[in-house]
Amino acid sequence: MMNLNGNRWLIWQLGLNAVLLFLSIVIFALHHARFTPSSFGFLYFLAILCYAGFVVVLITDLITSATRQVQGQIVHKEGRTIHISRTDGKLKKYKVTVPEVLQRLEKGQFVTMSLSKLAQIPHSIHIVEPPPREHENLLEAR
């Protein structure tokens, strides 16, 4: 089991979105005080709603620590991104920010990833044995 520092990533994203939320509120207040309501004011209001939603999702993920498991096979490795062909047939990209973990991952390995429930941020990855030969190889299917 290799830890991907998921909570650190969640806290960093939470801080960034909190700053953006604060800046959106300030810009909205300054614009609303200076001008009559306009389409720009509505756009700033939408930005406030979006950033507030992101903050709520990130706080919920941090508090609950709920995760979901994704199983699949590594199809491609590009920079800090790995492409995984999941067992349900979908190809998904996941960012791996820990260099030591990224070096151990290779094309064709079967992995189980633990993702945060709402934000889908990777918490850990575990290399598993390939399934029995009677199942179709996911890498060959692509």
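Higher on the page you've got the structure.
Cut-offs used in this document
- Residues numbered from 1 in each chain as written.
- Predicted model: local features only at pLDDT ≥ 70, side-chain atom pairs only at ≥ 80, totals over all residues.
- Heavy atoms only, no water.
- Salt bridge = Lys/Arg side-chain N within 4 Å of Asp/Glu carboxyl O.
- Buried < 20%, exposed > 50% of the residue type's maximum accessible area, 1.4 Å probe, protein only.
- Helix = DSSP H or I, 4+ residues; strand = E, 2+ residues; numbered from the N terminus.
- Pairing = 2+ DSSP bridges.

Section: the pattern of salt bridges
Link 1 in the chain: One pass over the structure, following the stated rule, counts one salt bridge.
Link 2 in the chain: The salt bridge involving aspartate 88 is made with arginine 86; its shortest N-O contact spans 2.8 Å.
Link 3 in the chain: Here aspartate 88 falls in the partly exposed class, since its relative accessible area comes to 48%.
Link 4 in the chain: Owing to a relative accessible area of 10%, arginine 86 belongs among the buried residues under this scheme.

Comments concerning the pairing of strand β3 (residues 81–86)
Link 1 in the chain: Within β3, five of the six residues are buried, which leaves it mostly tucked inside the rest of the structure.
Link 2 in the chain: As paired elements, strand β2 (residues 67–78) and β3 share six bridges and run antiparallel to each other. Bridged to histidine 76 within β3 is histidine 83.
Link 3 in the chain: Taking the residues that link successive antiparallel strands as the turn, the β2-β3 hairpin has two residues, and the phi of glycine 79 there is positive, at about 65 degrees.
Link 4 in the chain: Taking the residues that link successive antiparallel strands as the turn, the β3-strand β4 (residues 91–95) hairpin has four residues, and the phi of glycine 89 there is positive, at about 95 degrees.

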